Amino acid sequence: MSVALLYERSENDEAGVKQTAQQLGIDLKFIPFRKIALSISKEGFSAKTIGKDYTETFNQTSVVLNRAQSKNRRLQASYFMEMLGKKTLNTSQVEFTCYSKLRTLLKLWKANLPVPKTVFVPCDASDFLKNHKEIHNEKDIAELFQADIPLNDGIVIKADAGTHGKMIMLSKTREELFANITATKPSIINPIGVVAQKLFNKWFYDLRIIVYKEKGKQTICYNKALARAGFKDFRTNTFLGNIVFEAKLPQNVVNLAIKCGNTLGEGNDAWIFALDAMVNVTNKNHVTDDSLKAQLDLATQAYLPVQKVKADETRLTDFTAWNNKLEQTFNTYANSSSYQKIKNVIDESIENNKNSLVFHEANSCPEFWENTRLVTGLNVAIPLLKIAQSLTN
Ligand SMILES: Nc1ncnc2c1ncn2[C@@H]1O[C@H](COP(=O)(O)OP(=O)(O)OP(=O)(O)O)[C@@H](O)[C@H]1O
Ligand SMILES: [Mg+2]
């Protein structure tokens with residue numbers, strides 16, 4: 001019985017897991033989860049792509065490392081595999097929680113863990129009556145949000161199941177709030193209602209913290225996080241062109257992240273999360289935003305060669321050579337003086353404000369090869385594979 005990597009498309013993370021499995025001597029099987037027919041009938045189960053029968057691979061698999069990228073497909077994949085009697089990382093129960101930012105926040109809030117002020121209104125921006133007449137709820141929803149979050153503070157409207165900063169919108173005026181609520185049409189990334197948050201007073205970065213548990217072992221939180229930074233937008237997603245730095249985590253933040261992991265993973269033998277967190281920086285230690293912006297501009301220039309390698313298509317034909325080039329270029333960037341200066345500002349600001357941190361999301365299938373691994377030195381493929389192995393016992 002073995003571990004299988006389930007994937008939609010083989011991207012760098014999947015290639016990285018494959019390379020790491022080879023290095024660790026782990027026999028990893030591969031299960032496509034897109035153009036494959038998964039069939040159940042009284043004759044039993046079969047799995048076939050157009051050219052290949054995967055039924056035997058499924059039968060020989062005891063643990064599934066679920067790397068389906070779309071949240072919906074990932075949830076379906078874990079549930080399907082569990083019904084076939086397999087262990088999954090993460091389980092469908094964990095995927096169900098992480099699928100929704102609101103469900104994640106509810107769990108953390110209930111366990112007294114720090115989260116941003118969040119308001120949920122279950123009705124959609126507009127809907128239809130039985131007689132097909134359209135009714136508009138935008139004004140009422142705006143009023144409900146404003147009653148709980150003053151507009152002056154900033155109201156962030158969020159697609160509950162979104163990623164990459166998509167449909168995360170800031171409103172500071174009534175007009176913006178109205179327009180942003182109107183934009184939240186029910187969709188796969190915002191299945192129901194409207195979620196709003198008070199704009200959290202973070203500085204120019206947020207954090208991505210890796211926390212995980214192998215079966216039968218203590219929870220581990222890696223003490224270096226990925227900081228995603230930039231001043232252009234309140235959203236600091238790398239997908240929007242922001243750049244990355246290593247951030248050192250104080251012990252109390254590590255302990256909090258462990259509590260978050262244990263809360264979200266409760267009832268499961270093993271799990272892994274990338275927690276998104278923000279620090280309320282009230283003590284900037286005399287660093288001005290203008291001086292930082294100048295350093296960030298320099299760091300952005302130093303980061304250009306890294307972005308160029310990332311876009312280089314040779315990764316598809318010679319992953320190892322491409323990866324070596326990526327690591328070399330990244331090291332040059334990380335050794336630049338602007339990188340080091342900004343990293344020090346981030347480290348100091350976390351240390352000085354370590355009691356004012358909130359967690360706002362838990363990612364159950366984080367991308368790691370191109371950012372987290374290079375920045376922090378943690379190859380997440382190693383815990384992923386070790387956790388999967390721990391589940392075979
Ligand atoms: N309440 C908030 N106050 C201030 N900034 C926020 C708030 N919520 C989110 N952000 C910023 O917006 C960005 C995206 O938010 P979030 O992480 O919730 O969603 P996402 O982009 O869909 O997730 P992912 O990180 O998985 O791509 C983050 O950079 C975060 O710092
Ligand atoms: Mg996020």
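Every chain is numbered on its own, with residues counted from 1 as its sequence reads. Going through the entries in the order they are written, you letter the chains from A and number the ligands from 1. Per-residue local features of the predicted model are confined to residues with pLDDT of at least 70, and side-chain atom pairs are confined, for both listing and counting, to 80 or more; whole-chain, interface and lining totals are unaffected and use all residues.

Asks: Hey, could you run me through the site of ligand 1 in this one?
Replies: The full set close to ligand 1 counts 23 residues, and Q197, F200, D206, R235 and T236 are the nearest of them. Only DSSP runs of H or I reaching four residues or more are called helices, and only runs of E reaching two or more are called strands; each is numbered from the N terminus. When residues of the shell around ligand 1 are traced back to their parent elements, those giving at least two are β10 (155-158), β17 (271-279) and β18 (357-363). For the shell around ligand 1, the element with the most residues is β18, which contributes three residues. In this count, Pro and Cys sit with the nonpolar residues alongside Ala, Val, Leu, Ile, Met, Phe, Trp and Tyr, while Asp, Glu, Lys and Arg are called charged and the others, Gly among them, polar. Partitioning the shell around ligand 1 into residue classes produces seven nonpolar, nine polar and seven charged. Two domains share the shell around ligand 1, each providing at least three of its residues, namely domain 2 (117-198) and domain 3 (202-377). Nearness is defined per residue: the C-beta atom, placed using the backbone, must lie within 6 Å of the molecule or strand. In this document the domain limits rely on a domain assignment from an automatic tool or a database.

Asks: Explanation requested: helix α13 (residues 381-391) in the structure shown.
Replies: An α-helix turns once per 3.6 residues; consequently, residues spaced three or four apart project the same way. Here a residue counts as buried when 20 or more other C-beta atoms sit within 10 Å of its C-beta, as exposed when there are 12 or fewer, and as partly exposed otherwise, the C-beta atoms being derived from the backbone. Buried within α13 we find A381, P383, L384, L385, I387, A388 and L391. A residue pair is marked as a contact if its C-beta atoms, positioned from the backbone, fall within 7 Å. Where α13 is buried, its residues touch β1 (2-7), α1 (12-24), β5 (61-67), β6 (87-89), β13 (205-213) and β17.

Asks: How should helix α7 (residues 174-183) be read in this particular structure?
Replies: Those residues of α7 that sit buried are L177, N180 and I181. Axial view of α7: buried residues confined to an arc of 100 degrees, hence all on one face. In this fold, the buried residues of α7 make contact with α6 (138-148), β10, β11 (168-171) and β12 (194-198). Each direction from the helix axis to a C-beta atom contributes to the arc, which is the arc of those directions.

Asks: Teacher, can you tell me more about the domain arrangement of the protein chain here?
Replies: Accessible area lost during the coming together of the parts is what is often quoted as the interface size. According to the domain assignment, the protein chain contains domain 1 (2-96), domain 2 (117-198) and domain 3 (202-377). The straight-line distance from the C-alpha centre of domain 1 to that of domain 3 is 28 Å. Taken together, the contacts link 14 residues of domain 1 with 15 residues of domain 3. Mapped onto the side of domain 1 that touches domain 3, the elements with two or more residues apiece are α1, β5 and α4 (92-99). Sorting elements by how many residues they give to the side of domain 1 that touches domain 3 places α1 first, with five residues. In terms of residue class, the side of domain 1 that touches domain 3 is made up of three nonpolar, seven polar and four charged.

Asks: Whenever I open this one, the sheet that holds β12 confuses me. Can you help?
Replies: As a general point, the strands of a sheet are linked pairwise by backbone hydrogen bonds and lie either parallel or antiparallel. If DSSP finds at least two bridges between two strands, the strands pair. Spatial ordering of the open sheet is given by β7-β12-β10-β11, a layout of four strands whose pairing is antiparallel. On the outer flanks of this sheet lie β7 (118-121) and β11, each paired with one strand and no other. If you compare each strand with its neighbour and ignore which way they point, the axes differ by 25 degrees on average. Each axis is a line fitted through C-alpha atoms, and for a helix only the stretch in contact is used; angles between axes span 0 to 180 degrees, taken between their N-to-C directions. Relative to β7, helix α5 (residues 101-110) is tilted by about 130 degrees, and along the sheet it contacts β7, β10 and β12.

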